[in-house]
Amino acid sequence: QEVSWGRTLGKALFGCRIQFRSSMAALGRTFCFPVSALPLGIGLLWYFFDARRRCWHDVICDSDVVVD
C-alpha cells in the first residue's frame, strides 16, 4: 500500500502519508521497521526526540511523514 499510494489504510484514516525519495526507499522502510521495533521500541520512540519527527526506519530510508 505504501509503495503505490504512499499510505496505509491507518495512515489514510489519520490524514498522513509517507514521502519517499524513491520506490526502493518504500521497500527498504518495510524491512527496516523491525530494526526500530525490536530493541524495546526505542527506534519508534525516537519520533519524540528527532527534530523532523522521524522514527529510525524513516531516518535509515530518508523518508518523511507528511500530515495532509
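Structure shown above.
Here is a short report on the structure shown in this document. Treat the numbers as computed from the prediction; the structure is a model and nothing was measured.

Here is what the cut-offs are and how they apply
Residues numbered from 1 in each chain as written. Predicted model: local features only at pLDDT ≥ 70, side-chain atom pairs only at ≥ 80, totals over all residues. Heavy atoms only, no water. Core = buried A, V, L, I, M, F, W, Y, C linked by side-chain atoms within 4.5 Å. Buried < 20%, exposed > 50% of the residue type's maximum accessible area, 1.4 Å probe, protein only. Helix = DSSP H or I, 4+ residues; strand = E, 2+ residues; numbered from the N terminus.

### Concerning the nonpolar core
Within the largest apolar cluster, six residues are counted, these being Ile18, Phe20, Ala25, Ala26, Cys32 and Cys61. The dominant element in this core, judged by the number of residues it contributes, is helix 3 (residues 23-37), at three residues.

### Considering unusual backbone geometry
Positive phi is not limited to glycine here, since leucine 40 has a value of about 60 degrees. Tracing the sequence through the fold places leucine 40 in the loop between helix 3 and helix 4 (42-45). Under the relative-accessibility criterion, leucine 40 is labelled exposed at 78%. At arginine 53, a position not held by glycine, the phi torsion is positive, near 55 degrees. Position of arginine 53 among the secondary structure elements: in the loop between helix 4 and helix 5 (56-61).

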